[in-house]
Amino acid sequence: MLNYTIKRVLGVIPTLILISIFVFLFIHLIPGDPARIVAGEDATAADVELIREELGLNRPLHIQYINYIKGILNGDLGISLKTKKPVLEEIKNRFVPTFTLTLFSIFWSVVFGLLIGIVSAVNRGKWQDYTGMFAAVSGISLPSFWLGLMLVQIFSVKLGWLPTGGYGTFKHFILPSMTLGAGVAAVIARFARSSVMDILKEDYVRTARAKGLMQKIVVWRHVFRNALIPIVTMVGLQFGFLLGGSVVIETVFSWPGMGSLLIDSVAFRDYPMIQSEILIFSLQFIIINLIVDLLYAVLNPEISYK
Amino acid sequence: GCGSKDDNEAPDQGQEETTEKPEENNESAAKDNKDIVVAVQDTFISMDPHDTNDTLSYSAQKAMMQGLVGFDKEMNVIPVLAESYEANDEATEFTFKLREGIKFHDGTDFNAEAVKVNVDRLANPENRLKRHSLFAIVDHTEVVDEYTVKVVLKEPFGAMINNFAHPAAMMHSPKALEEFGKEVSRNPVGTGPFVFEEWVSGSHVKMVKNENYWKPDYPKVDSVTFKPVKENGSRIAMLQTKESDFIYPVPTEQVKAIDGKDGVVVEAEPSIIVRYLAMNTNKEPFNDVRVRQAVNYAINKEAFKKVVCGGYLEKMDSIIAPNTQFYSKQEKSYDFNLEKAKELMKEAGYENGFETEIWSNNSSNVIKATEFLQQQLAQIGIKANLVPMESGTRLERIWSVENPDDAELQMYYAGWSPSTGDADWGIRPLFAGESFPPNSYNTAYYNNEEADKWIKKGIATADNEERREAYEKVQEIIWNDAPWAFLGVSMTMGGRQEYLEGVYLLPDGSLSVEEAEIK
Amino acid sequence: MAKPLLEVKNIKKYFPVKKGILKKKEEFVRAVDDVSFDIYKGETLGLVGESGCGKSTTGRMLLKLIEPTDGQIIFQGKDISKMTEDEIRPLRKDIQMIFQDPYASLNPRMTVGEIIAEPLIVHEMYKDSEEMKKRIHELLNMVGLSSYHSVRYPHEFSGGQRQRIGIARALAVKPKLIIADEPVSALDVSIQSQVLNLMQDLQRDLNLTYLFIAHDLSVVEHISDRVGVMYLGKIVEITDKDTLYDKPLHPYTQALLSAVPVPNPRIEKKRIILEGSIPSPLNPPKGCAFHTRCKHAKDICKKAAPEFKEVEAKHYTACHLY
Amino acid sequence: MSQRTTKEKNDFNQEEKMEDIRTPFSEFWRKFKKQKTAIVAGIFICLFFIAAIIGPYIVPYDIAEPDYDHVLEGPSGKHWFGTDAYGRDIFSRVVVGARISLAVGLSSVVVGAILGAILGLISGYYGGWIDNVIMRIADVLFAFPGIILAIGIIAILGPGLYNVVFAVAIFSTPMFARIVRGSTLAIKETVYVEVAKSIGTKDKRVMFKHILPGTFSGIIVYFTMRIGTSILTASSLSFLGMGAQPPTPEWGAMLSSGRDYLGVASHITFFPGMAIFVTVLAFNLLGDGLRDALDPKIDN
Amino acid sequence: MDKKILEIKNLKTHFFTDNGTVKAVDGVDIHINEGETLGVVGESGSGKSVTSLSIMGLLNDTSGRIVDGKIEFQGRNLVNLKEEDMRKIRGNDIAMIFQEPMTSLNPVLRIGKQISEAIKLHLKYDKQKAKEHTINMLKLVGIPRAENIYSEFPFQLSGGMRQRVMIAMAMACNPKLLIADEPTTALDVTIQAQILDLMKKLKEDVGTAIMFVTHDLGVVAEMCDRVVVMYAGRVVEHGDVYQIFENPKHPYTKGLLKSVPVLRQKVDRLASIPGNVPSPKNMPKGCKFAPRCENAFDKCWEEEPSFYDIEENHSSKCWLCNRKSL
Ligand SMILES: Nc1ncnc2c1ncn2[C@@H]1O[C@H](COP(=O)(O)OP(=O)(O)OP(=O)(O)O)[C@@H](O)[C@H]1O
Ligand SMILES: Nc1ncnc2c1ncn2[C@@H]1O[C@H](COP(=O)(O)OP(=O)(O)OP(=O)(O)O)[C@@H](O)[C@H]1O
Ligand SMILES: [Mg+2]
Ligand SMILES: [Mg+2]
């Protein structure tokens, strides 16, 4: 298991390097001159040139990249062009809201998704199945921003139960995480259903029944854990979906997270900020998937014992 | 496209700002505390007024910091930290007599030395402050005595006092400047009614009551929290759910739905923000004044007001708004007249119209306005393609073009708030021959020697009569030349709870919370 | 004496398995470990052994579906073990393979006609499509199916019929040698005998040579002329079938033969029951690979691998007892 | 014993011959016919396509013609879905919008699927470093929040429908590549591919004749569902102001511009929202049905 | 003398699929006496497994249903038993071993747990006692290092070991009837020999009745007391081993016996049964074997024969055995 862990951790490195290059190039392809933006609209060409020099934007791309990587390794993500503060400092405050929001969303979407999926699979072809799957298909068919706006209309404006947006107490989490998690819950439900249905056909489930075990035990002890193995991998991938979704959702719910920061930074061509944000988004995704992989190994003794 | 803020040049807008002024407030109990929440449209960028160029950041800063002079609700210059001021006739020396006994939040005394530190900071190009341009003209600052300070300019500039009224000229505590260095932008220390408490990026800026405020009885609330809420619907919802006490701006579409309901009041006030569709006068077909006038006649401003602005728009009858200093109403009317428009097009040789592009930013309100303009222009055969641009792209495509002849810009929809309140800032950046992008905002590439002459005259003196005369001339020339389609003057739309009073929107689109009071 | 059609000399296949954190450490699965045999024209060589002993790997290497790690494969006097794919392609007409699983070896998305035509198309044997069609029908009839079956899809056929299709495909290019990898082990007994009979008939009519891989000793006995017994990547005994079945020399062969259940309730068998199962080819036992399960194991068996030698005329075995 | 036997036997076999030929397609169709919801969804999709094709010619109003005297009117007999801020007929716009949304959804997925299938096939078939490179790149694209990727591409290329198509295609590609690679890896190991190789079939033929068709069932299912996702993504981009240009009646753009009227004239957002929902739902349900019909494991 | 522990009468189990009804088992009569081993042989698809599953009541997860007939176990009819009562019999009175040792154990649960859960359930042992019992069972089936294996996972065992685990699991609660559905088909001959040996020993010690399903006639000859031959969802012949092997009466049984190559019995050419098992969609009207039968005559095509006694305990479903008709 230790070996496996180390192997997986080391395996992430090439991906990270590739991502850093990709992000770096990608950002530089976007039209819009950051020096111009920093200088402001009414700055002279000379001013802009000066600022470009100061920001190191006039150097060859590969030098810029190397400097950028050097900086990262020293824990220096650069200075935000917009606020002129260290990027790390800016992101620090924004990281937690997004991270907690995604965790919240993934938590409840996994719980509900699994529940719906299992109930549907076990009651295949009955009304529970149809209801569950209809809800799930609807979940992935709704535009999330629309859902968000509608939920605010209903739960905040009409009923006055929940705050319309902002970051703070538990109540603040409910609507954004529901909106963000709806699609993922739906995907998980559908996946769980088919995964459970596959497992139900396995020989060892028949063995378990042949022992005279109760349905409940068969489902939870023998089916569930095996069905979980493929689901866990899928949940990891869904995390990327959540991170992306947070960009839209944070706009709708005025959530002070990385997503809304990213939109701002893109508008401002705040290169160091965008780079770092995307890097952190990707890093988060990779780490989560790493954890998922390890969890996968824990669930699957065949891997953890090698 | 008529909200007073969203479709301006923000976030990099030249000048938009706020002033505060003391007023009376009482207490009451419709709300069980005295902490007010103000929801605004965008995130704050900086708390250093010298290095800020967005109105919204100023709105927050103004609650904590103050300048020597400021604006009242009609954009008239009034003394704040200075008791009085005077200028010499050549408009090269400005002397301020300071109010005595004022302390910064950190206990530092406010005096001539403090003013000198601030003005020097602004005037020094090496500091790379965004607002350096307003003070680049300053030659040096002299401390005359403890409470008298004299600012000497390199050359005459008649509108200088308005520059001092601009929030860019608000005063930092010299101690804070020394202590925090560049970090003052996160640690504002001023003389204002509220003391900075915290700024959680993307979430809120919070400030609490200044117990030692120099104006007696103020402030009347315990704290003010500004929250950025981008989504219009969410801002409205916050007002409806009482999560916020004041929101700005209120989307015009929603006014009817909320005004007067559940204790919500919407206030619409005229602003100095003008809405326009700039036409590139440097290029065909808009180098022909007849085409430009035809465009002006072809647009039904009444319908624009109704459809795009929900009725909240004032008529524009000069190139600047009525509340701007030296405004003069123009004779010639550009009221909707399709016949005339078609005739002019025919005269100009464009009987069958032409194809063009309207550039703009990409907020939903702006797109709504440009879509309307597109429909209107179609009436005289102009097929306008809309090109909404996300702001980075817009900057690149407009403000990176060094040579005017390379400009691809044809029509550009935008708004302008001359935040010094002076005609100069309402005209020079937009119409002077020297103001072509990338230097400034003359997106019409309007270049008229006659107009330029008068624009120069207007700032070469501090004499108001002379200035007025100059600006009357300028306004007439440009209005007749129609480098823009003049669409209207925006109204500032603020929504508040009934129990909240004393929060004002100034004509430049900035917000004042100094007199906030819960009734 | 005639030259063999195929000579296999000391072929080995070590599958590398990457180990360790950086996958630097390599270990090898010794799937086939020094195997030699000859096949003569017109004969059937049977290859038996338990699951995982390397029978299929050996068969695949002969076709170069798996690159041998070492050794020579001489087909009609030419060493094919070092040839490139392009050089070998023409030779593929001469060696064909029949696979164990009649369900998996037919592409479910192709009709039977297309499946049988595939080798003809690949080797560009017919310019004229009508002629090719005729050939396909001829082949179908040859294996006991009807022409109208050519437009159907494999899933409509029973296991035995599918195996016939597989045989027809192998015969399409008129091969000299057919490697049959457990062609009947997935079939029911009543069908198995049909296929075995068919293979025998075809051998006689078309003068085919078979390498017949199986784990069922009775089937191998029935169809083969000579039989080789494999254990853990090695051939432990090889001779003509009567000698092998009457007088097996290697203790493993003896145990194997005794383990086969005989469909006769009167026979009371004296079983040699082997303990445990085949060791992993990843780290085979030192010395004689079989010593861990061998009743006769002596000290030498643990130390030295026995030589593969001709103990009696044409009877080769690798055991320290001889 | 009777002589009838042979004849009877022949009859019996003859009967077998008379059975329909069961092609993989007829097999699929037999199973698909059982999927009632999927059939309904399929019919809906056909209707959408018909609307997309003939819509512009049959709608009651010009979609670009403003009527400032009848703005923001609710649904009525005259305007079934009401009118928007310029007094345009929302029903007409929604119907014509089907053309845009379907075109964007379909074409971006087609591009993504073709690119992905080729990459996945090469990657899975050859393995080794090619596989490594392609899959690492796919990983990177995966780790990159999709909408950000799209925003970036739009920022580079500028807004507009073609660019949206391209952006969404790029962001669908890695998933198709993975799916195809997955099936390729599985099919590559099948005995029938080994058979093909043993016969001497060249790589190209093995890839395209034997492997590719086997990946279709996986692609088709994901393809259908992905159209839904693409329509959603395109509308998200419009929501963020980076999608179709006005006055194009793209549903997402309609939603985006209508959202300021929530609570005042909710029908402006309701109908385009429903249009997106129903379309995406239909594609997802069709995809579900296709999966069940194509999945050999499911058989009853 | 012979007490019937299980008696199946006219069992019909049909699957209701999209393609129509598959009559997998269509009128099967089988009985098993206490302590005896009954061999069930037949071609693939002849309904052997479905019969076993019908006895166990494990058709729930499939589209199959028992449409007719009786399964009497110790006098109780299992067909209409409530799931709750059936559960108490399953794994306790009747246990089953499946063909695939590789997939029949849950890959994520430890061996010990998989065996002891049935013990805890049926014998109501506490944890400690269940563990002891489990380890004893593992030892009984000849697993070395039983204590260690207890906490290992299935993937750590070889196929033969897993099958031993399956047997330990099945035998754990001392069932009165053990259904072994092709327990050695997936194993190598040497391993098969080990398992068969083990089963014989267990049977001698415990005296459980075994229903041994297989298609290997050699195994039947070696293991069974009586044999039932199935074809196309029906029993076509039954009798004791000697009767079946030495005096087969049904043409199918005869064909079957002749088509297997037998070690050391040289034949130039094997006999074979022509044709294929009829597909369920295309069943002949009369005797299901008629299309493949050399001796079929008119009547065979029209009418299905019933059982005709040949000698004591030996009967066959063939018109040729009907003395009256001849
Ligand atoms: N590609 C491979 N990589 C690693 N090991 C392999 C590979 N192919 C086969 N092996 C190993 O080589 C050994 C011999 O395998 P092979 O398939 O030749 O056995 P076999 O005798 O044909 O068995 P069976 O009777 O089950 O078909 C086995 O242990 C197998 O696990
Ligand atoms: N779940 C099911 N759904 C539909 N048909 C089934 C199902 N299970 C079995 N059958 C059908 O029932 C018939 C009998 O199957 P069964 O598994 O009993 O055969 P068997 O005698 O055990 O064969 P084998 O020797 O291959 O195990 C077959 O035709 C099979 O197709
Ligand atoms: Mg093999
Ligand atoms: Mg079976």
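Fair warning: this is a prediction, and the values are worked out from it, not measured in the lab.

Asks: Honestly, the pattern of salt bridges in this entry has me stumped. Any pointers?
Replies: Any two side chains of opposite charge can pair, so long as their charged atoms come close to each other. All told, the structure shown has 69 salt bridges over all chains when counted by the stated rule. Here E84 of chain E and R87 of chain E are joined by a salt bridge, their closest N and O atoms 3.0 Å apart. Residue E84 of chain E and its partner R87 of chain E are located together in helix α2 (residues 83-89), separated by three residues, close to a single helical turn. Via salt bridges that share partners, E371 of chain B together with D84, R88 and R93 of chain D belong to a single interconnected network.

Asks: Which parts of the structure should I look at to understand the sheet that holds strand β4 (residues 82-87) of chain B?
Replies: What links the strands of a sheet is backbone hydrogen bonding, and the strands pair in either a parallel or an antiparallel sense. Residues and elements named next belong to chain B. If you walk across this open sheet you meet the four strands as β4-β5-β7-β6, and the pairing is antiparallel. With partners counted over all chains shown, the strands left at the sheet margins are β4 and β6 (138-145), one partner each. Pairwise comparison of adjacent strand axes, ignoring direction, gives a mean angle of 20° for this sheet. Bridge count between β4 and strand β5 (residues 93-98): five bridges; the pairing is antiparallel. Residue pairing for β5: A87 is matched across the bridge by F94. Of the strands in this sheet, β5, β6 and β7 (148-153) are in contact with helix α2 (residues 112-123), which crosses β6 at around 175°.

Asks: Would you mind showing me how to read a negative patch on the surface here?
Replies: Residues D89, E90, D463, E465, E466, E469 and E472 of chain B make up a contiguous surface patch of negative charge. For E466 of chain B, the position within the fold is in helix α15 (residues 464-481).

Asks: So what exactly am I meant to see when it comes to the site of ligand 2 here?
Replies: Residue and element names in this part refer to chain E. Surveying the vicinity of ligand 2 reveals 14 residues, the closest of which are S44, G45, K48, S49 and V50. In this structure, K48 approaches ligand 2 through a side-chain N or O atom, which is 2.9 Å from an oxygen atom. Protein contacts shield 68% of the accessible area of ligand 2, which totals 630 Å² for the unbound molecule. Mapped by element, the contributors of at least two residues to the shell around ligand 2 are β1 (4-17) and α1 (48-56). At three residues, the largest contribution of residues to the shell around ligand 2 is made by α1. For the shell around ligand 2, the class distribution of residues is three nonpolar, eight polar and three charged.

Asks: Mind showing me how you'd approach the site of ligand 1 here?
Replies: Residue and element names in this part refer to chain C. The environment of ligand 1 is made up of 13 residues, and the closest members are S51, G52, K55, S56 and T57. Within the backbone of G52, one N or O atom sits 2.8 Å away from an oxygen atom of ligand 1. One nitrogen or oxygen atom from the side chain of T57 is found 2.4 Å from an oxygen atom belonging to ligand 1. Alone, ligand 1 offers 640 Å² of accessible surface; in the complex the protein occludes 62% of this. Counting residues per element, the ones that place at least two in the shell around ligand 1 are β2 (25-39) and α1 (55-62). Residues of the shell around ligand 1, tallied by class, amount to five nonpolar, five polar and three charged.

Asks: Hey, could you run me through the sheet that holds strand β6 (residues 94-97) of chain E in this one?
Replies: Residues and elements named next belong to chain E. Sheet architecture is open: eight strands sit in the order β6-β7-β8-β3-β9-β10-β12-β11, paired in mixed fashion. Of all the strands in the sheet, the pair left with one neighbour each is β6 and β11 (308-311). Taking the axes of each pair of neighbouring strands and ignoring which way they run, one obtains an average angle of 20° across the sheet. With six bridges connecting them, strand β9 (residues 226-231) and strand β10 (residues 234-240) associate as antiparallel partners. Looking across to β10, one finds that Y231 is bridged to R234. Packing against the sheet, helix α7 (residues 189-206) makes contact with β3 (37-42), β6, β7 (177-181) and β8 (209-213), and its axis sits at approximately 155° to β8. Running over the sheet, helix α10 (residues 251-259) touches β3, β9 and β10 and is turned about 105° from β9.

Asks: Got a minute to help me understand the interface of chain C and chain E in this structure?
Replies: Accessible area lost on assembly of the parts is the figure often given for the size of an interface. On the chain E side, the residues contacting the 40 residues of chain C number 40 residues. Here chain C and chain E share an interface that buries about 3500 Å² over both sides, 55% of which is from carbon and sulfur atoms. A salt bridge links E246 of chain E to R266 of chain C; its shortest N-O distance comes to 2.6 Å. Per element, the largest residue contribution to the side of chain C that touches chain E is ten residues, and it comes from helix α6 (residues 189-206) of chain C. Split by residue class, the side of chain C that touches chain E holds 16 nonpolar, 14 polar and ten charged.

Asks: Sorry, what's going on with the pairing of strand β4 (residues 64-73) of chain E here?
Replies: In regular strands, side chains alternate between the two faces of the sheet. Residue and element names in this part refer to chain E. Judged from the eight bridges that link them, β1 and β4 form a sheet pairing that is antiparallel. Across the sheet, the residue bridging to I8 is I71, located in β4. The turn linking β4 back onto strand β5 (residues 76-77) is made up of two residues, and Q74 within it adopts a positive phi angle of 50°.

Asks: How should I be thinking about the confidence of the model for chain B in this particular structure?
Replies: Parts of the prediction with low pLDDT should not have their coordinates interpreted in detail. Across chain B, the average pLDDT comes to 85, with 94% of residues at or above 70. Counting interchain partners and residues more than four positions distant, the pLDDT-below-50 stretch residues 4-29 of chain B has 144 contacts.

Asks: Would you explain the state of the cysteines in this entry?
Replies: Two cysteines, two sulfur atoms, one covalent bond between them: this is a disulfide. Counted according to the given criterion, the structure contains zero disulfides over all chains. Between C288 of chain C, a cysteine without a disulfide, and C301 of chain C, which holds the nearest cysteine sulfur, the sulfur-to-sulfur distance is 5.8 Å. The thiol of C300 of chain E is not disulfide-bonded; the next cysteine sulfur, from C287 of chain E, is found 6.0 Å away. Assessed through its relative accessible area of 8%, C300 of chain E is described here as buried.

Asks: What exactly am I supposed to notice about unusual backbone geometry here?
Replies: Excluding glycine, residues mostly have negative phi values, and the peptide bonds linking residues are mostly trans. Residue P219 of chain B is bonded to the preceding Y218 of chain B through a cis peptide linkage, with omega at -10°. For the peptide bond that leads from E284 of chain B to P285 of chain B, omega is -5°, which places it in the cis range. In the Ramachandran plot, E124 of chain C falls in the positive-phi region, its phi being about 45° despite a non-glycine side chain. Mapping E124 of chain C onto the fold places it in the loop between α3 (112-122) and α4 (129-142). E124 of chain C sits in the exposed class, given a relative accessible area of 62%. One non-glycine residue, Q74 of chain E, lies in the positive phi region at around 50°. Considering the arrangement of structural elements, one finds Q74 of chain E in the loop between β4 and β5.

Asks: Please explain helix α6 (residues 232-240) of chain B as it appears in this structure.
Replies: Along an α-helix, a turn takes 3.6 residues, which lines up residues three or four apart on a common side. All names here are of chain B. The buried fraction of α6 amounts to eight of the nine residues, a majority that puts the element mostly inside the structure. Where α6 is concerned, the buried positions are N232, G233, S234, R235, I236, A237, M238 and L239. Backbone geometry just after α6 places K242 at a positive phi near 65°.

Asks: What's the story with a nonpolar patch on the surface in this structure? I'm lost.
Replies: Residue and element names in this part refer to chain A. A grouping of L2, I6, L10, I13, I17, I21, L25 and L61 is seen on the molecular surface, where their side chains present a nonpolar patch of about 650 Å² in accessible area. For the nonpolar patch, the element with the most residues is helix α1 (residues 2-29), which contributes seven residues. For I6, the position within the fold is in helix α1.

Asks: Could you clarify how one ought to interpret the arrangement of the chains in this entry?
Replies: Between all eight pairs of chains that are in contact, chains C and E come out with the most contacts. At no point do chain B and chain C touch; the closest pair of C-alpha atoms across them sits 43 Å apart.

Asks: Just to check I follow, could you spell out the nonpolar core for this structure?
Replies: Buried together is how nonpolar side chains tend to be arranged in soluble globular proteins. The biggest cluster of nonpolar side chains holds 158 residues, and the ones touching the most others in it are L262 and I278 of chain A together with I151 of chain D. With 18 residues, helix α10 (residues 215-252) of chain A is the single largest residue contributor to this core. In contact with I151 of chain D, not counting residues within four places along its chain, are V247, I263 and V266 of chain A together with L237, L240 and M242 of chain D. Grouped together as the second largest cluster of nonpolar side chains are 151 residues, L81, F164, W199 and F226 of chain B included.

Asks: Is there a simple way to explain the packing of helix α4 (residues 90-126) of chain D against helix α9 (residues 203-239) of chain D in this structure?
Replies: To describe two helices that pack against each other, one gives the angle between their axes and the distance between the axes. Residues and elements named next belong to chain D. Contact geometry of α4 with α9 gives a least axis separation of 7 Å together with a crossing angle of 145°. For α4 against α9, the interelement crossing comes out right-handed. Residues that form the contact of α4 with α9 fall into these classes: 21 nonpolar, four polar and two charged.

Asks: Which parts of the structure should I look at to understand the side chain of T102 of chain A?
Replies: Take T102 of chain A: it is sitting in helix α5 (residues 87-122). Leave out the neighbours within four places in its chain, and T102 of chain A touches L180, F239, L242, L243 and Q284 of chain A.

Asks: Please explain the packing of aromatic side chains as it appears in this structure.
Replies: Aromatic rings considered in pairs are described by the distance between their centres and by the relative angle of their planes. This model, assessed by the stated rule, comprises 53 aromatic pairs over all chains. Taken together, a centroid distance of 5.8 Å and an interplanar angle of 85° make the contact between F44 of chain B and F226 of chain B edge-to-face. Taken together, the positions of F44 of chain B in the loop between β1 (35-40) and α1 (55-61) and F226 of chain B in strand β10 (residues 223-228) put the pair 182 residues apart, joining distant regions of the chain. Taken individually, F44 of chain B and F226 of chain B each receive the classification buried, so the pair is uniform in this respect. The ring centre of W454 of chain B lies 5.5 Å from the NZ or CZ of K473 of chain B, which sits over that ring. Just above the ring of F171 of chain D sits the side chain of R226 of chain D; from NZ or CZ to the centre is 5.1 Å.

What counts and how
- Residues numbered from 1 in each chain as written.
- Chains lettered and ligands numbered in written order.
- Predicted model: local features only at pLDDT ≥ 70, side-chain atom pairs only at ≥ 80, totals over all residues.
- Heavy atoms only, no water.
- Salt bridge = Lys/Arg side-chain N within 4 Å of Asp/Glu carboxyl O.
- Helix = DSSP H or I, 4+ residues; strand = E, 2+ residues; numbered from the N terminus.
- Pairing = 2+ DSSP bridges.
- Axes fitted to C-alpha atoms, helices over the stretch in contact; angles between N-to-C directions.
- Contact = heavy atoms within 4.5 Å.
- Patch = residues over 30% accessible without salt bridge, like charges linked within 9 Å, V, L, I, M, F, W, Y side chains within 5 Å.
- Areas by Shrake-Rupley, 256 points an atom, 1.4 Å probe, with all protein chains shown as cover.
- Lys, Arg positive; Asp, Glu negative; His and termini not counted.
- Charge placed at Lys NZ, Arg CZ, Asp CG, Glu CD.
- Near = heavy atom within 4 Å.
- Polar contact = N/O pair within 3.5 Å; in protein donor to acceptor, adjacent residues only side chain to side chain.
- Nonpolar A, V, L, I, M, F, W, Y, C, P; charged D, E, K, R; others polar.
- Buried area = accessible area lost by both parts, 1.4 Å probe.
- pLDDT = per-residue confidence, 0-100.
- Disulfide = S-S within 2.5 Å.
- Buried < 20%, exposed > 50% of the residue type's maximum accessible area, 1.4 Å probe, protein only.
- Core = buried A, V, L, I, M, F, W, Y, C linked by side-chain atoms within 4.5 Å.
- Left-handed = near helix turned anticlockwise from the far one by under 90°.
- Phe/Tyr/Trp six-rings, centres within 6.5 Å; stacked < 30°, edge-to-face > 60°.
- Lys NZ or Arg CZ within 6 Å of the ring centre and 35° of its normal.

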